[in-house]
Amino acid sequence: TERTFIAVKPDGVQRGIFPEILRRFQNKGFKLVGIKLTLANESLLREHYSDLQSKPFFPSLLSYMLSGPILATVWEGKDVVKQGRVLLGATNPLQSAPGTIRGDFALDMGRNIIHGSDSVESAEKEISLWFKKEELVEYKPTLHGWIYEVNLLTSGR
Ligand code: GTP
Ligand code: MG
């Protein structure tokens, strides 16, 4: 199944918004398969944001992401990459709708609380960059049949 990398940025950790973020992904039906609080380093961030190296805001993006702990998470589920971006809301807080994480909690593009992979390919790249294979956990989610349309009669009642 599909996986995505979701990271609560230093402002989301310091402001105590991370439990709300975990709750929103959990409520939607996604399964948490990896989580850790971590301080990023510059080389990891340069790799993570390699497509943005030439942007004028890149130095401030680096210092933002180095400014405190990041809550790195991996979530699994149906269309989780695209659904995750929907839960996040638009990058620019002026465009992010109320009800989305950025729409509800952020005002500034350079303090926008959260990162989410933008494609299945970047999700794979980012998960392997931030997590070791043994840090990701396989388990059977007990609510599976209540979240996904499967035959509940053959799976027992
Ligand atoms: P991420 O989930 O963090 O990757 O955000 P995104 O995919 O919505 O946007 P993008 O990858 O284009 O940019 C990465 C991050 O750089 C954004 O989340 C912002 O924090 C920051 N950023 C992007 N564009 C700007 C900008 O024009 N100005 C500033 N100050 N920051 C920007
Ligand atoms: Mg991005």
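Residues numbered from 1 in each chain as written. Chains lettered and ligands numbered in written order. Predicted model: local features only at pLDDT ≥ 70, side-chain atom pairs only at ≥ 80, totals over all residues. Heavy atoms only, no water.

The name given to the protein in an unreviewed UniProt entry is Eukaryotic translation initiation factor 2A, and the organism recorded there is Ogataea philodendri.

Undergrad: What is the right way to read unusual backbone geometry from this model?
TA: Phi is mostly negative for residues that are not glycine, and the peptide bonds are mostly trans. Positive phi, normally seen in glycine, also occurs at Asp79, with a value near 55°. Checked against the element boundaries, Asp79 lands in the loop between β3 (70-76) and α5 (80-88). For Ile113, which is not glycine, the phi dihedral falls at a positive 75°. Turning to its location among the elements, Ile113 is positioned in the loop between α6 (101-105) and β4 (114-116). With a relative accessible area of 0%, Ile113 lands in the buried category. (Helix = DSSP H or I, 4+ residues; strand = E, 2+ residues; numbered from the N terminus. Buried < 20%, exposed > 50% of the residue type's maximum accessible area, 1.4 Å probe, protein only.)

Undergrad: I keep staring at the site of ligand 1 and nothing clicks. Help me out?
TA: Looking at ligand 1, the residues that line it are Lys9, Tyr49, Leu52, Phe57, Leu61, Arg85, Thr91, Arg102, Met109, Asn112, His115 and Gly116. For ligand 1, an oxygen atom lies 2.8 Å from a polar atom in the side chain of Arg85. Between Gly116 and ligand 1, the recorded distance is 3.1 Å, taken from a backbone N or O atom to an oxygen atom. Here ligand 1 loses 78% of its free accessible area of 590 Å² to cover by the protein chains. Residue classes in the shell around ligand 1 are distributed as five nonpolar, four polar and three charged. (Near = heavy atom within 4 Å. Polar contact = N/O pair within 3.5 Å; in protein donor to acceptor, adjacent residues only side chain to side chain. Areas by Shrake-Rupley, 256 points an atom, 1.4 Å probe, with all protein chains shown as cover. Nonpolar A, V, L, I, M, F, W, Y, C, P; charged D, E, K, R; others polar.)

Undergrad: Any chance you could explain the sheet that holds β3 here in plain terms?
TA: Each strand in a sheet pairs with its neighbour through backbone hydrogen bonds, running either in the same direction (parallel) or in the opposite one (antiparallel). Pairing is antiparallel in the open sheet, where four strands are placed in the order β2-β3-β1-β4. Lying at the two open borders of the sheet, with one neighbouring strand each, are β2 (31-38) and β4. In this sheet, neighbouring strand axes are inclined to one another by 15° on average, regardless of whether the strands run parallel or antiparallel. One ladder, built from three bridges, connects strand β1 (residues 3-8) with β4; its direction is antiparallel. Counterpart to Ile6 in the pairing with β4 is Gly116. Sheet contacts for helix α2 (residues 18-28): β1, β2, β3 and β4; angle to β3, the most-contacted strand, approximately 5°. (Pairing = 2+ DSSP bridges. Axes fitted to C-alpha atoms, helices over the stretch in contact; angles between N-to-C directions. Contact = heavy atoms within 4.5 Å.)

Undergrad: Which parts of the structure should I look at to understand the side chain of Asp11?
TA: Its location among the elements puts Asp11 in helix α1 (residues 10-14). With no salt bridge to any partner, buried Asp11 finds its closest opposite charge in Arg15, at an N-O distance of 5.2 Å. Separated by 2.7 Å, the side chains of Asp11 and Tyr64 make a polar contact. (Lys, Arg positive; Asp, Glu negative; His and termini not counted. Salt bridge = Lys/Arg side-chain N within 4 Å of Asp/Glu carboxyl O.)

Undergrad: Just to check I follow, could you spell out the UniProt feature "binding site: ATP" (unreviewed entry) in the protein for this structure?
TA: As recorded in UniProt, the feature "binding site: ATP" (unreviewed entry) lies at Lys9, Phe57, Arg85, Thr91, Arg102 and Asn112. Within the secondary structure, Lys9 is located in the loop between β1 and α1. For Lys9, a relative accessible area of 4% corresponds to the buried category. Sequence-distant contacts of Lys9, that is, excluding residues within four places in its chain, are made with Tyr49, Tyr64, Met65, Pro69, Ile70, Arg102, Asn112, Ile113, Ile114 and His115. Checked against the element boundaries, Phe57 lands in the loop between α3 (42-48) and α4 (58-65). (UniProt positions renumbered as here; feature names shortened; annotations may be inferred.)

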